[in-house]
Each structure stands twice: as structure tokens, then as C-alpha cells.
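Examining the three-dimensional arrangement
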Amino acid sequence: MFKILPPEASNLLQSRPILWSFRRCPYAMRARLAIHASSVPVALREILLRDKPAEFLATSPKGTVPVVDTGTQVIAESRDIMLWALAQNDPEGWLNMPQQGRGLIDHCDGPFKAALDHTKYAVRYPELDPEDERRKAMDFLRDLDARLTITPFLLGPERRMADMAILPFVRQFAQIDRAWFDAQGLDGVSRWLDEFTNSARFAAVMQKYPPWQSGQDQVLFP
Ligand SMILES: N[C@@H](CCC(=O)N[C@@H](CS)C(=O)NCC(=O)O)C(=O)O
């Protein structure tokens, strides 16, 4: 269950940063994962991308989620939100990550996300060959799989920021055609992905909230 506070209690919590979020967005998911791991308290405002509230657009003119508004600072990139939360509290040591981890996130957000979109939304890209795009995505997943057959997580025995930043996108790719994905022999990636999607943390960050409405009580997260 999520916690809702009446307005008088909300007044006491005015300084709580606001997280604008959309449940199914993988960028918003990675932000919620880091906020959940850090236990940094935020007021979560779920939005619909097809019906963005004016208050959201006033905070984030580029109109993407996730966004954190601390009252003095607006953070409009998911990686920066992860770093913002973990810099305050990082009990699992997610930031204890070699430079390679940043490189993996760069590859995820760049070529892999592009190939994922070109595969998932192939009808929007008639000039591209969806099989080529899926192959490009698979090159990245094979690299991850090589790592994950040696160690439980991408960079060794422990979960790091790179794992949690990349997993929501791998999940999105796997969901395009789960039967096909399962037949690719990505045993390491599949184990890593299943552990993630079966985790209590994943359940916690995927909880459903009604879209935020102006004047409503705060939704406390995590
Ligand atoms: N680089 C941004 C990308 C965020 C992004 O593109 N989010 C998507 C949703 S998954 C979005 O808000 N798109 C705007 C829209 O669909 O109107 C980040 O890392 O936060």
C-alpha cells in the first residue's frame, strides 16, 4: 500500500522533493529504483504522457519523465536523478562502480535504446530493417550475457548502478517478444532479469498510482 497524507500533514512536508514519474517508462523506473534503494523521501506524482499536467510542463519544459524538483533544483535526466539519490544515501554501494559501468549505461541509453525502439516500434521506421535493428540490440545483450555468465551482476558479485540503470531497458526489449527472447540462449541475462522482475524492490517501484491531480494529497515514496 502507498501512504497518503492529509493536507495538514502535507504542509509539514513541503520540503519533500517531487518526483514526476510514469510507471512504465524505463527511465522513470531506474530513477524510482535508485530512490527506493537510497530511501530518500520524495512525493511521487504519476502522470500520463498523453495528458501532461501544466504543473509538470512548467517544471520540465522538455516534457520528459522522470523529473525531480527539489524546490531549489530541477533534475530532468534519469541518470542524474539516480546520482542525486545515491549521493545522499547509498547503503548497497551502487556508486561503487568502475568506469566501465558508465560506459555500459552510455551504450544502453544510446545504441541499445535506439535499436530497441526501432525493433519495438518498427512500423514507425519503415526505412529500417527490423531484423538488423534487433541484431544490433542483441550485440549489446550478448556482451551483457558474457559478463553475467561469469559474475552474478554486470560488474562483479554485487549489484551496482549500471545493473539497475540497464535492467528496465532489457526488460522492455525482452517483452517485445518473450518467446523469441527466451529462445536466444541468453542464460546469464535471463537469470539476471528474472531475479530483478521477481524482486520485492521491483514490485515496490511498479506499484500503480492514479494520475496526479492538482490539490491532491501527497503520495509518499518509497
Ligand atoms: N534522457 C531522458 C529520457 C527520458 C524520456 O525520454 N522519457 C520518456 C518516457 S519513457 C518521455 O518522457 N517521453 C516524452 C513523451 O513521450 O511525451 C532521461 O534519461 O531521463
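Residues numbered from 1 in each chain as written. Predicted model: local features only at pLDDT ≥ 70, side-chain atom pairs only at ≥ 80, totals over all residues. Heavy atoms only, no water.

A closer look at the domain arrangement of the protein
When cut into domains, the protein gives domain 1 (3-92 + 202-221) and domain 2 (99-199). On a C-alpha basis, the centroid separation for the pair domain 1 and domain 2 is 25 Å. Both faces considered, domain 1 and domain 2 share a buried interface measuring about 1400 Å² in area, 62% of it formed by carbon and sulfur atoms. Looking only at domain 1, the three residues that lose the most surface to domain 2 are Arg30, Arg79 and Phe202, adding up to 43% of its buried area. If you look at where domain 1 meets domain 2, you find 2 salt bridges. (Domains from an automatic or database assignment. Buried area = accessible area lost by both parts, 1.4 Å probe. Salt bridge = Lys/Arg side-chain N within 4 Å of Asp/Glu carboxyl O.)

Side note on the pairing of strand β3 (residues 42-46)
Across a regular strand the side chains alternate sides, sitting on one face of the sheet and then on the other. Most of β3 is tucked away: 4 of the 5 residues are buried. Relative to β3, strand β2 (residues 18-21) runs parallel, the two sharing 4 bridges. Directly across from Ile18, in β3, lies its bridge partner Ala43. For the crossover from β2 across helix α2 (residues 26-38) to β3, the handedness is right-handed. In terms of strand pairing, β3 meets strand β6 (residues 218-221) through 2 bridges, oriented antiparallel. Counted as the bridge partner of Ala43 is Leu220 from β6. (Buried < 20%, exposed > 50% of the residue type's maximum accessible area, 1.4 Å probe, protein only. Helix = DSSP H or I, 4+ residues; strand = E, 2+ residues; numbered from the N terminus. Pairing = 2+ DSSP bridges. Right-handed = clockwise from strand over helix to strand, strands pointing away.)

Describing the site of the ligand
If you check the shell around the ligand, you find Cys25, Tyr27, Leu49, Lys52, Gly63, Thr64, Val65, Pro66, Ala76, Glu77 and Ser78 and nothing else. Lys52 has a polar side-chain atom sitting 2.6 Å from an oxygen atom of the ligand. Within the contact set of the ligand, an oxygen atom lies 2.6 Å away from a side-chain nitrogen or oxygen of Ser78. Residues of the shell around the ligand, tallied by class, amount to 6 nonpolar, 3 polar and 2 charged. (Near = heavy atom within 4 Å. Polar contact = N/O pair within 3.5 Å; in protein donor to acceptor, adjacent residues only side chain to side chain. Nonpolar A, V, L, I, M, F, W, Y, C, P; charged D, E, K, R; others polar.)

A few points about the packing of aromatic side chains
Counted by the stated rule, this structure contains 8 aromatic pairs. Relative to Phe140, the ring of Phe112 has its centre 5.0 Å away and its plane inclined at 40°; by these criteria the two rings are tilted. Of this pair, Phe112 sits in helix α5 (residues 99-120) while Phe140 sits in helix α6 (residues 130-148), and the two are 28 residues apart along the sequence. A residue is classified by how much of its surface remains accessible, and Phe112, at 1% relative accessible area, is buried. Positioned above the aromatic ring of Tyr121, the side-chain terminus of Arg124 is 4.0 Å from the ring centre. Its end group placed over the ring of Trp180, Arg134 keeps NZ or CZ at 3.6 Å from the ring centre. (Phe/Tyr/Trp six-rings, centres within 6.5 Å; stacked < 30°, edge-to-face > 60°. Lys NZ or Arg CZ within 6 Å of the ring centre and 35° of its normal.)

Quick notes on unusual backbone geometry
Pro66 follows Val65 through a cis peptide bond whose omega is 0°. The residue after Phe221, namely Pro222, is reached through a cis peptide bond having omega 0°. Inspection of the secondary structure puts Pro222 in the segment after β6.

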